[in-house]
Amino acid sequence: MLFSTCLAFLIYLGLKVGSDKYSLTSKVEHLLETHQALTEDLESYVKVEENRLSLLKRYSDIFEREHEKAIKDIPKYVGNPINEYTLIRRLTLDMHYIKLYIRDYAQNINRHHKNLKYPSVKDLIDAAKALNNLRNIYNEDIKEIANGKLYGIVYSSPMTSWDCYELGRALYHAEDLTNSITWMFEALRKFKEEKPLVPRYITSIIEYIRVSFDKLGDLKGALQWIREILVLYPSNFRVKQIALDYQNRIGNKKTMWMHTATLNVSEGGTTDIPVLSLSGH
């Protein structure tokens, strides 16, 4: 009798321990779901941070490279209109983007730099206009200037697609639409050759070209460029509506037009650069 009682008690304990163990295991299994979610979030965050730091490193390399060039011969460096423009752009627009990427450190930068002088956006526009005026006065080829050449001599580092884009944007806001388009074309050409710091701005390049053509009254040109955006965003309702609006506005209207096909920015597309015609046909 005693043996039977002990055996029953041991069986009960075994079942209870097994039940408790199962209950604990079940709870721990649920924790693994949390663990997996946290692991995935951390991995995603690390990738974002790596991309952010990679971008900042590229900015840092550019700043360091240009500063080393400048201190070798300061009068020569700052006397070059290409260098003047890119220097002002780095200290205005680039610094704005850099501060966005280092929000936690931005306050320290502001405190450390509070006694330093920074150029204004107006300074940037003036530098852009001066560089473009130099191109027009001396009939310099835009590709030569974008490659850092003046009068056939290399005076500075080549301009990037971003440099050309920001110069074109500055001219756009100065209402110099024709020259803005020219620099945007160069930005687009260079975009195909390099790995830009901000790759998605290609849409902004095309949009500035499109709006500039519209403001110049070249609706066919504007339509061509809104179609380029459709290549990138074929299901975008707003873009489709703009294209349809241009088609309706054109009708039989006599407008200016562009020679050659547009630059197809989709993968594997052509790289022909359109030439603006202001003569009207």
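Worth saying up front: this structure is predicted, and the values here are computed from it rather than measured.

Colleague: Please explain the pattern of salt bridges as it appears in this structure.
Modeller: Pairs may arise between side chains of opposite charge once their charged atoms sit close together. Scanning the model with the defined rule gives 14 salt bridges in all. The salt bridge partner of E66 is K69, with a shortest N-O separation of 4.0 Å. Of this pair, E66 and K69 both sit in helix α1 (residues 2-72), separated by three residues, roughly a single helical turn. When the shortest N-O distance is used, the salt bridge between E186 and R189 registers 2.5 Å. With E186 and R189 both in helix α8 (residues 177-191) and three residues apart, this pair spans about one turn of that helix. As far as burial versus exposure is concerned, E186 and R189 are alike and both buried.

Colleague: Just to check I follow, could you spell out helix α11 (residues 237-250) for this structure?
Modeller: An α-helical turn contains 3.6 residues, so any two residues separated by three or four positions project in the same direction. Its 14 residues place the ends of α11 20 Å apart at the C-alpha level, agreeing with the 20 Å of an ideal helix rising 1.5 Å per residue. Looking at the packing, one finds that the buried side of α11 touches α9 (202-215) and α10 (219-232). Sitting at the amino-terminal end of α11 is N236, which places a side-chain oxygen 3.0 Å from the backbone nitrogen of R238.

Colleague: When you look at the packing of α10 against α11 in this model, what are you seeing that I'm missing?
Modeller: Two numbers describe a pair of packed helices, the interaxial angle and the distance between the axes. Put simply, α10 and α11 touch, their axes get as near as 9 Å, and they point 160 degrees apart. By the angle class used here, α10 and α11 are roughly antiparallel. At the point where α10 passes α11, the crossing takes the left-handed sense. Taking contact as the criterion, the partners of L219, K220, A222, L223, I226, R227, I229 and L230 in α10 are, on α11, V239, K240, I242, A243, Y246, Q247, R249 and I250. A per-class count over the contact of α10 with α11 returns eleven nonpolar, one polar and four charged.

Criteria and thresholds
Residues numbered from 1 in each chain as written. Predicted model: local features only at pLDDT ≥ 70, side-chain atom pairs only at ≥ 80, totals over all residues. Heavy atoms only, no water. Salt bridge = Lys/Arg side-chain N within 4 Å of Asp/Glu carboxyl O. Helix = DSSP H or I, 4+ residues; strand = E, 2+ residues; numbered from the N terminus. Buried < 20%, exposed > 50% of the residue type's maximum accessible area, 1.4 Å probe, protein only. Expected span 1.5 Å × (residues − 1). Contact = heavy atoms within 4.5 Å. Polar contact = N/O pair within 3.5 Å; in protein donor to acceptor, adjacent residues only side chain to side chain. Axes fitted to C-alpha atoms, helices over the stretch in contact; angles between N-to-C directions. Parallel < 35°, antiparallel > 145°, perpendicular 65-115°, else oblique. Left-handed = near helix turned anticlockwise from the far one by under 90°. Nonpolar A, V, L, I, M, F, W, Y, C, P; charged D, E, K, R; others polar.

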